[in-house]
Amino acid sequence: MAGVAGPDGDSGLSPGDLAAKYGLAVSGKRPPLGEYTRRLWSRRHFIVAFATARLTATYTAARLGQIWQVMTPLLNAAVYYLIFGLLLGTNRGIPNFIAYLCTGVFVFQFTQSAVLSGTRSIADNLGLIRALHFPRACLPIAFTVIQLQELLFSMGVLGVIVLATGEPLTLRWVLILPILFLQSVFNAGLAMLMARIGAKTTDMAQLMPFIIRTWMYTSGVFWSVTTFTHKAPHWVAVILNNNPALIFNDLMRYALMDSVSSSSLPHHVWIITLAWAVVVGLGGYMFFWKAEEEYGRG
């Protein structure tokens, strides 16, 4: 490459040498993972503020406002109860099917909404990405925080439903906190993974609802997976029983419902849950970070 003429003996230096001499860096260059994590942590207040503002704006135009945060999963539960509980009879053998169903719907919707919004988080915010410099992981994480805020708002209603259907308030309810923490880490990792894919393949946002719906049918939201796995081939049963969405559903049911016993949970369930959260959370974060320079370009 030809040298670049300039003052003070700069003639003959390549553009790269000149940049190094004067401390210039590539705009938007991906920082090392440790530095990236430090910058992301310094933006934590921005993430929470952005999530809160977006959540408030989502329901501003609706007459019922933020009541829809609760109404949406309740209406979904009512539809599923009509179809699967009354018409198809999948409630047979499941004690307290209403609490079982509502818990599954509320918990799975947290993952579903985080993944769907994460898939669109980069493509739908190109203006913000191109206007401001910040770690792009803020966006899928912020959308996960939005869904967590909605779930926390809905958990009070879920608790009333569980108690109203005859379940007692027990010390197992304390388990709600670690379950939600691990599920939030898992969801954030999955949202970041899908955010990178969605940024490159915009059609993924159209495909994901069908993938998520298939995942829901295999996650024991409105039927007991054990009614199928005891007849299925061993490898199929292993896959279904270790489905992370199913594990989060069953753990939350165990925490809220005294009628759900620990024998219904997989062996070493907490180790499996922690492994899913760490592998997907950290894996999704690193997968997203590796393409940091590419977001908002092209």
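Rules used throughout
Residues numbered from 1 in each chain as written. Predicted model: local features only at pLDDT ≥ 70, side-chain atom pairs only at ≥ 80, totals over all residues. Heavy atoms only, no water. Salt bridge = Lys/Arg side-chain N within 4 Å of Asp/Glu carboxyl O. Helix = DSSP H or I, 4+ residues; strand = E, 2+ residues; numbered from the N terminus. Buried < 20%, exposed > 50% of the residue type's maximum accessible area, 1.4 Å probe, protein only. Patch = residues over 30% accessible without salt bridge, like charges linked within 9 Å, V, L, I, M, F, W, Y side chains within 5 Å. Areas by Shrake-Rupley, 256 points an atom, 1.4 Å probe, with all protein chains shown as cover. Expected span 1.5 Å × (residues − 1). Polar contact = N/O pair within 3.5 Å; in protein donor to acceptor, adjacent residues only side chain to side chain. Contact = heavy atoms within 4.5 Å. Phe/Tyr/Trp six-rings, centres within 6.5 Å; stacked < 30°, edge-to-face > 60°. UniProt positions renumbered as here; feature names shortened; annotations may be inferred. Axes fitted to C-alpha atoms, helices over the stretch in contact; angles between N-to-C directions. Parallel < 35°, antiparallel > 145°, perpendicular 65-115°, else oblique. Nonpolar A, V, L, I, M, F, W, Y, C, P; charged D, E, K, R; others polar. Core = buried A, V, L, I, M, F, W, Y, C linked by side-chain atoms within 4.5 Å.

In the annotation of an unreviewed UniProt entry, the chain is listed under the name Transport permease protein and assigned to Streptacidiphilus jeojiensis.

**Describing the pattern of salt bridges**
Under the counting rule described, the total for this entry stands at five salt bridges. A salt bridge links Arg 253 to Asp 250; the nearest nitrogen and oxygen atoms lie 3.4 Å apart. Of this pair, Arg 253 and Asp 250 both sit in helix H12 (residues 244-256), separated by three residues, roughly a single helical turn. Each member of the pair, Arg 253 as well as Asp 250, carries the same accessibility label: buried. Because the salt bridges share partners, they merge into one network encompassing Glu 35, Arg 38 and Arg 39.

**Points about a nonpolar patch on the surface**
On the surface, a nonpolar cluster with roughly 230 Å² of combined accessible area is contributed by Val 79, Leu 82 and Ile 83. Here Ile 83 lies in helix H4 (residues 68-87).

**Concerning helix H5 (residues 97-120)**
The end-to-end C-alpha distance of H5 is 34 Å, a good match for the 34 Å that 24 residues give at a rise of 1.5 Å each. Counting buried positions along H5 yields 21 of 24 residues, so the element is predominantly enclosed.

**Observations regarding the side chain of Asn 125**
Mapped onto the secondary structure, Asn 125 falls in the loop between H5 and helix H6 (126-131). By relative accessible area, which is 8% here, Asn 125 ends up buried. At 3.4 Å, the side chain of Asn 125 and the side chain of Arg 54 are in polar contact. Dropping the residues within four chain positions of it, Asn 125 is found in contact with Phe 50, Arg 54, Arg 120, Leu 139 and Phe 143.

**Describing the packing of aromatic side chains**
This structure, assessed with the given rule, holds ten aromatic pairs. Taken together, a centroid distance of 5.8 Å and an interplanar angle of 55° make the contact between Phe 46 and Phe 134 tilted. A residue pair is termed long-range when its members are at least 10 positions apart, and Phe 46 in helix H3 (residues 44-58) and Phe 134 in the loop between H6 and helix H7 (138-164) qualify at 88 residues. Owing to a relative accessible area of 31%, Phe 46 belongs among the partly exposed residues under this scheme.

**Quick word on the UniProt feature "transmembrane region" (unreviewed entry) in the chain**
Taking the UniProt record as the reference, the feature "transmembrane region" (unreviewed entry) is found at residues 74-91, 97-116, 137-164, 170-195, 207-225 and 267-288. The span residues 137-164 shows a helical share of 96% and a strand share of 0%, and its end C-alpha atoms are spaced 40 Å apart.

**Brief notes about the packing of H5 against H7**
The description of two helices packed together rests on the angle between their axes and the distance between the axes. Remark: H5 packs on H7, axes separated minimally by 9 Å, with the N-to-C direction vectors making an angle of 175°. Taken together, the axis directions place H5 and H7 in an arrangement best described as roughly antiparallel. For the pair H5 and H7, contact is made by Ile 98, Ala 99, Cys 102, Thr 103, Phe 106, Phe 110, Ser 113, Ala 114 and Ser 117 and by Phe 143, Thr 144, Gln 147, Leu 148, Leu 151, Ser 154, Leu 158, Ile 161 and Val 162, respectively. Looking at the contact of H5 with H7 residue by residue, the class counts come to twelve nonpolar, six polar and no charged.

**A look at the nonpolar core**
By size, the foremost hydrophobic cluster in this structure holds 50 residues, and its most contacted members are Ile 176, Met 252 and Leu 256. Contributions of two or more residues to this core are made by H4, H5, H7, helix H8 (176-200), helix H9 (204-217), H12 and helix H13 (269-289). Sort the elements by how many residues they give to this core and H5 lands first, with twelve residues. Leu 256 has contacts with Thr 103, Leu 158, Val 162, Glu 167, Pro 168, Trp 173 and Ile 176, leaving out every residue within four places of it along the chain. The next biggest cluster of nonpolar side chains, apart from the first, holds 23 residues, and it includes Leu 40, Phe 143, Phe 288 and Ala 291.

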